[in-house]
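Structural overview
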Amino acid sequence: MKKHLQVAAIAAIIASSSFLSNKSYAQPSSNVVKIDAGTIEGTVSGHVLAFKGIPYAAPPVGNLRWRSPQPMPPWAGVRKATEYGNDCMQFPDPSDAAPAGTTPAEDCLVLNVWRPAQIKAGEKLPVVVWIYGGAFVNGGSSTPIYDGSELARQGVVVVSFNYRLGRFGFFAHPALSAAKEGDLGNYGLLDQLVALRWVQRNVAAFGGNPSQVTLMGESAGGISVMHWLTSPAAKGLFQQAIVLSGGGRNYLVNVRKLKQSTLGQPSAEASGTEFAESVGIQGTGADALVALRSLPAAKVAGDLNMTNLVKRPPTYAGGPIRDGQIVTTTAGEILQRGDGAKMPILIGSTTDDLPAILPPLNDPFSYFGADAAKAKTVYNPRNNLNPLQIIATIGADIAMHEPARFVAQQMTTAGKPAWLYRFGYVAQSLRPKAGASHASELPFLFGTLDARYGKAVMPPDRKAGQEFRSYIVNFIKTGNPNGTGLSAWSEFNSAKSQLMLFTPDNGAVMQTDPWKDRLDLVEKVAASQTATTNTTSDLAGTSWQLVKFQSSDGTILKPDDKSKYTIAFNTDGSVNVRFDCNRGRGTWKSPEPSLLEFGPLALTRALCPPNPINNRIARDWGFVRSYRVKGDRLFLALMADGGIYEFEAVA
């Protein structure tokens, strides 16, 4: 009888049935599971059953390089799932806080599953799906810091997976477009989508509940979570979200259009063409595509990593590509339109987070326009910070801290609970370092402090990890981070401006955000940059070069070189300009048809050769009040009939 019940319990877990008594348990030896592609065998260690290196799509090699992920052919027999598969092809970065744990290779579309070794027959455990970071060029699911065992011990099913990176994951070329093989450019994001669909089809076989899935990611993984939170393609694939240092307004990387180049921003196809030419491949036809797919993987990867990414190599698209299908606009814009998914979210950053978006380096306070003087007081009240500290602080607020608050506000407005945090705990061995660095919370979250700090781990570190992890696990299980023995964490409320601060010495403390005044200033700029009216303006996404200026008294001024005087109207409400040898960035909005207003312009101050039009155009910038597009010409009119600037379109 006992033997019969054991066999029945095993069958119940595999089939996700619930007809057996809840008093029946699967045994630790029940390490064989049948999924849609075949049968797999995992291993039990430390009361956790783990399956590693499970292929969720066909290897993207040969003719499948730069193709949407294809179905994995079924296999016969029992496939061992006891070792991690290869992480995706990349050029390792020595500074990576979570380096890949296996040898990178192009054959890498695998995932891993952890769950408690013993579960009740028919039990449906909550599921968390992890997406790693690494600026879309580095990272992998095999790093020891991402081991899901400790989270699984808390009663959840943990899934992690690999997705294509760098030029393998984000690449375009005219030959690929001509081949018409399906979706273009965002192969890494498509991998993520297919992995999420795999979870829906298969997680019940591991004892997981496909209707209780939390999507969690950090850095590029957090950006990815924000993408799927605002993408119709992911509808129904997860029900809750956790975003760790993933911004929230935009992709934090250089998002380019698939085919159209703009001022200072080549198209993804242009970057792909430049890469092809750099390795000796010419043309845009089938022969060029064959040659590209025949390149050794190491040649495609090159020396592209997080460190070298800041140089903005012209042979790389920079990350996700605005293709009009997978990527259409920013997460922030979609949330403001009310079109994103509405679900519980836990979101935050670290106290010393990554300044992924920088203010003007020569005058960082000019970023705040008319509020520059107030910003100086708010950011440097004791006048004791050096310029680099100021730039980094403003940059982290722009990229991480304020966008996290923005997402919490948007989700709350949509009627769903949001939980805002800031992680400030610093490992004892790193002190007296004052702030928690980007990604430093991850070993505390996963319970993998030994993998990160070895023998330097101290009891306070473990206590901090247990506390942080408990909040996260509670949220995964219930959509609410609160639980027994934990300090109360209040839902986000814009009026109170509170957040949960994980402090260096006093544990988790719910308090008013000490950086509120800073973030209010950043929010004010962001609001002016993302005016929704710009998305319908015919200026959005266009670039122009100056033909002439004609004043109201008939005086005409012409540039000596039209290409030295340019304007690019970006769809995010920002504008890039060039005035002779100076370049600048500001904001624009078109509140009504034909009306145009420019915000303050942060302009470099190089000494250009004397030219009557140089000083005039910068001086007139704030007096533009209307525009008209006629054919390939743009006319900008100054207030009080002060004159008209005539531009021509730049291809």
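Residues numbered from 1 in each chain as written. Predicted model: local features only at pLDDT ≥ 70, side-chain atom pairs only at ≥ 80, totals over all residues. Heavy atoms only, no water.

1. Observations concerning the overall build of the chain
Per the secondary structure count, the chain includes 18 helices and 28 strands. Relative to its full complement of 651 residues, the chain shows a buried share of 57%. Within the chain, residue pairs in contact and separated by at least 24 positions form 71% of the contacts whose partners lie at least 6 positions apart. For the chain, the accessible surface area stands at approximately 26,800 Å², while carbon and sulfur atoms represent 53% of it. Of the charged side chains in the chain, 63 are positive and 52 negative, and the gap between their average positions amounts to 4 Å. (Helix = DSSP H or I, 4+ residues; strand = E, 2+ residues; numbered from the N terminus. Buried < 20%, exposed > 50% of the residue type's maximum accessible area, 1.4 Å probe, protein only. Contact = heavy atoms within 4.5 Å. Areas by Shrake-Rupley, 256 points an atom, 1.4 Å probe, with all protein chains shown as cover. Lys, Arg positive; Asp, Glu negative; His and termini not counted. Charge placed at Lys NZ, Arg CZ, Asp CG, Glu CD.)

2. Overview of the side chain of Thr-448
Here Thr-448 lies in the loop between helix H14 (442-446) and helix H15 (449-453). Here Ile-145 takes part through its backbone oxygen, which lies 2.8 Å from a polar atom of the side chain of Thr-448. Setting aside residues up to four positions removed in sequence, Thr-448 forms contacts with Pro-144, Ile-145, Asp-147, Leu-442 and Pro-443. (Polar contact = N/O pair within 3.5 Å; in protein donor to acceptor, adjacent residues only side chain to side chain.)

3. Considerations on the sheet that holds strand E11 (residues 208-218)
Spatially, E3-E4-E6-E8-E7-E11-E12-E15-E16-E17-E18 is the arrangement adopted by the 11 strands of the open sheet, whose pairing is mixed. If you trace the sheet from one side to the other, it starts and ends with strand E3 (43-45) and strand E18 (508-512), each paired once. In this sheet, neighbouring strand axes are inclined to one another by 25 degrees on average, regardless of whether the strands run parallel or antiparallel. Where strand E7 (residues 125-131) lies against E11, 6 bridges are found, and the strand directions are parallel. For Val-128, the partnering residue across the bridge sits in E11 and is Thr-214. Those strands touched by helix H6 (residues 220-229) are E7, E11, strand E12 (240-244) and strand E15 (345-350), and its axis lies near 130 degrees from that of E11. Together, E7, E11, E12, E15, strand E16 (418-423), strand E17 (498-502) and E18 form the strand contacts of helix H16 (residues 459-478), whose direction differs from that of E12 by roughly 155 degrees. (Pairing = 2+ DSSP bridges. Axes fitted to C-alpha atoms, helices over the stretch in contact; angles between N-to-C directions.)

4. A closer look at helix H17 (residues 516-529)
Between its first and last C-alpha, H17 extends 20 Å over 14 residues, near the 20 Å set by a 1.5 Å rise per residue. The complete set of buried residues in H17 reads Arg-518, Leu-519, Leu-521, Val-522, Val-525, Ala-526 and Gln-529. For H17, the angular spread of buried residues about the axis comes to 155 degrees, placing them on one side. Against the buried residues of H17 lie helix H12 (372-379), helix H13 (387-413), E16, strand E22 (574-579) and strand E23 (582-589). (Expected span 1.5 Å × (residues − 1). Arc of directions from axis to C-beta.)

5. Re the environment of Pro-364
Looking at where Pro-364 falls in the secondary structure, it is placed in the loop between E15 and H12. When the C-alpha positions of Pro-364 and Ile-390 are compared, they lie 7.6 Å apart, and in sequence the two are 26 residues distant.

6. Points about the environment of Thr-82
Assignment of secondary structure puts Thr-82 in the loop between strand E5 (78-80) and strand E6 (110-116). Taking the C-alpha atoms as reference, Thr-82 lies 9.2 Å from Ile-40; in sequence the two are 42 residues apart. If we ignore the near neighbours within four places in the chain, the residues touching Thr-82 are Glu-41, Gly-42, Thr-43 and Lys-52.

7. Notes on the pattern of salt bridges
Opposite charge on two side chains permits them to pair, given that their charged atoms come into close proximity. What the rule picks out here adds up to 26 salt bridges. Note that Glu-150 and Arg-153 form a salt bridge whose closest N and O atoms lie 2.9 Å from each other. Of this pair, Glu-150 and Arg-153 both sit in helix H2 (residues 149-153), 3 residues apart, which is roughly one turn of the helix. For Lys-548, the salt bridge goes to Glu-646, with nearest N and O atoms at 3.9 Å. Of this pair, Lys-548 sits in strand E19 (residues 542-551) while Glu-646 sits in strand E28 (residues 643-649); the two residues are 98 residues apart in sequence, bridging distant segments of the chain. Overall, the relative accessible area of 23% leaves Lys-548 in the partly exposed class. A cluster of three or more residues bridged by salt bridges with shared partners is formed by Lys-548, Lys-562, Asp-632, Arg-633, Glu-646 and Glu-648. (Salt bridge = Lys/Arg side-chain N within 4 Å of Asp/Glu carboxyl O.)

8. Things to note about unusual backbone geometry
Cis geometry marks the peptide bond from Arg-431 to Pro-432, where omega comes out at 20 degrees. A positive phi is found at Phe-136, a non-glycine position, where the angle reads about 65 degrees. Looking at the secondary structure, you find Phe-136 in the loop between E7 and H2. The phi dihedral of Ser-245 falls on the positive side, at around 50 degrees, and the residue is not glycine. Inspection of the secondary structure puts Ser-245 in the loop between E12 and strand E13 (256-257). Residue classification places Ser-245 among the buried residues on the basis of a relative accessible area of 1%.

9. Section: the nonpolar core
In terms of nonpolar packing, the biggest core is built from 144 residues, with Ile-54, Phe-206 and Phe-238 touching the most fellow members. The contacts of Phe-206, once residues within four sequence positions are left out, are Val-33, Ile-35, Ile-40, Phe-51, Ile-54, Val-113, Arg-115, Ile-119, Val-157 and Trp-198. Leu-539, Trp-544, Leu-634 and Phe-647 belong to the second largest nonpolar core, which has 26 residues in total. (Core = buried A, V, L, I, M, F, W, Y, C linked by side-chain atoms within 4.5 Å.)

10. Comments concerning the sheet that holds strand E1 (residues 32-35)
Pairing in this open sheet of 3 strands is mixed, and the strands run E1-E2-E5 from one edge to the other. Here the strands that pair on one side only, and so sit at the sheet edges, are E1 and E5. If you compare each strand with its neighbour and ignore which way they point, the axes differ by 35 degrees on average. Note that strand E2 (residues 38-41) and E5 share 3 bridges and pair parallel. The residue bridging Glu-41 from the neighbouring strand is Lys-80, located in E5.

11. Remarks on the pairing of E6
The buried count for E6 comes to 7 of 7 residues, which makes it a mostly enclosed element. When strand E4 (residues 48-55) meets E6, the two strands line up antiparallel, connected through 6 bridges. If you follow Ile-54 over to E6, its bridge partner there is Leu-111. Of the strand pairs in this sheet, E6 and strand E8 (residues 157-161) are connected by 4 bridges, and their pairing is antiparallel. Bridge pairing in E8 links Trp-114 to Val-158.

12. So, the packing of helix H5 (residues 187-202) against H6
For any two helices packed against each other, the geometry comes down to the angle between their axes and how far apart the axes lie. At a closest axis distance of 11 Å, the pairing of H5 and H6 adopts a crossing angle of 70 degrees. Looking at the two axes, H5 sits roughly perpendicular to H6. Note that H5 runs across H6; the crossing there is right-handed. Packed against H5, whose contacting residues are Leu-189, Gln-192, Leu-193 and Leu-196, the element H6 presents Ser-224, His-227 and Trp-228 at the interface. Looking at side-chain class alone, the contact of H5 with H6 contains 4 nonpolar, 3 polar and no charged residues. (Parallel < 35°, antiparallel > 145°, perpendicular 65-115°, else oblique. Left-handed = near helix turned anticlockwise from the far one by under 90°. Nonpolar A, V, L, I, M, F, W, Y, C, P; charged D, E, K, R; others polar.)

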